[in-house]
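Each chain, written out:
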Amino acid sequence: IQMSPDVFSPQAKKWGFQVSLPERLFYDYKSRQSGQDLDPNLIFLSKNYRSNERLLKFSSDMFYAGELSSGSRQRIHPQLGPLVFYAALGKEEIEENRASYRNLAEVNEVVKRVKELSDSWPDNEWGKKDLKQIAVVSSYRYQVGNILDH
């Protein structure tokens, strides 16, 4: 999943920065095609090296006519599987200087789940525990700080 570009500056919006570069290129290319055959220089990247094959299958089937394949050989977690969803109900709070937000329910849930993953690290499947292999993504700097403080 790719985060969308959040743009708050009116000038940046005027320049179109709320649209990501890949999206701009897509629409530019599409507008140039208008009924023509596809450009032979267009390359469809069909191999994904970041996603487990079981995760990738859904995207491949739903959006790419089954054309995507996984280059990842990462084994899935024996108890958690390739993907798990959790819910954290809470309220966003604004930082003192009003530059960022946090949701303490999400912070606590993330900390709990990272600890759960660390405690159940499957050495046989993934090798020696390496916590640098766990990534947590948040769109709020204030929330990231709260997660790191735990």
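Owing to the predicted nature of the structure, the values given are computational and were not obtained by experimental measurement.

## Overview of the side chain of E95
Move 1: Checked against the element boundaries, E95 lands in the loop between strand 3 (92-94) and strand 4 (101-103).
Move 2: With residues up to four places along the chain from it excluded, the contact list for E95 reads S100, R141 and Y142.

## Here we look at the environment of G90
Move 1: Here G90 shows up in the loop between strand 2 (69-70) and strand 3.
Move 2: For G90, a relative accessible area of 51% translates into the label exposed.
Move 3: Note: C-alpha distance between G90 and A105 (15 residues apart in sequence) is 5.0 Å.
Move 4: Excluding residues that lie within four positions of it along the chain, G90 makes contacts with N103 and A105.

## Some details on the pattern of salt bridges
Move 1: The full count for this structure, using the stated rule, is six salt bridges.
Move 2: Of the charged contacts, one joins D61 and K57 as a salt bridge, the two residues approaching to 2.6 Å between their closest N and O atoms. One end of the pair is D61 and the other is K57, both in helix 3 (residues 53-63) and four residues apart, which spans about a single turn.
Move 3: Residue classification places D61 among the partly exposed positions, given a relative accessible area of 41%.

## Some words on the packing of aromatic side chains
Move 1: A complete count under the given rule lists four aromatic pairs for this structure.
Move 2: Between the aromatic rings of F58 and F63, the centroid separation amounts to 6.3 Å while the plane-to-plane angle is 85°, which identifies the pairing as edge-to-face.
Move 3: In this structure F63 comes out as exposed when scored by relative accessible area, which is 59%.
Move 4: A ring pair is formed by Y101 and Y140, whose centres lie 5.4 Å apart and whose planes are at 55°; its orientation type is tilted. With Y101 in strand 4 and Y140 in the loop between helix 5 (123-126) and helix 6 (141-149), this residue pair connects regions lying 39 residues apart in the sequence.
Move 5: Given the relative accessible area of 34%, Y101 is considered partly exposed.

## Thoughts on a nonpolar patch on the surface
Move 1: Taken together, the side chains of F44, F58, M62, F63 and Y64 define a hydrophobic patch exposed on the protein surface, amounting to about 590 Å² of accessible area.
Move 2: Relative to the helices and strands, F44 resides in the loop between helix 2 (21-33) and strand 1 (47-48).

## Quick look at unusual backbone geometry
Move 1: Here A65, not a glycine, exhibits a phi torsion of approximately 50°, which is positive.
Move 2: Take A65: it is sitting in the loop between helix 3 and strand 2.
Move 3: According to the relative accessible area criterion, A65 is exposed, its value standing at 68%.

Thresholds, definitions, all that
Residues numbered from 1 in each chain as written. Predicted model: local features only at pLDDT ≥ 70, side-chain atom pairs only at ≥ 80, totals over all residues. Heavy atoms only, no water. Helix = DSSP H or I, 4+ residues; strand = E, 2+ residues; numbered from the N terminus. Contact = heavy atoms within 4.5 Å. Buried < 20%, exposed > 50% of the residue type's maximum accessible area, 1.4 Å probe, protein only. Salt bridge = Lys/Arg side-chain N within 4 Å of Asp/Glu carboxyl O. Phe/Tyr/Trp six-rings, centres within 6.5 Å; stacked < 30°, edge-to-face > 60°. Patch = residues over 30% accessible without salt bridge, like charges linked within 9 Å, V, L, I, M, F, W, Y side chains within 5 Å. Areas by Shrake-Rupley, 256 points an atom, 1.4 Å probe, with all protein chains shown as cover.

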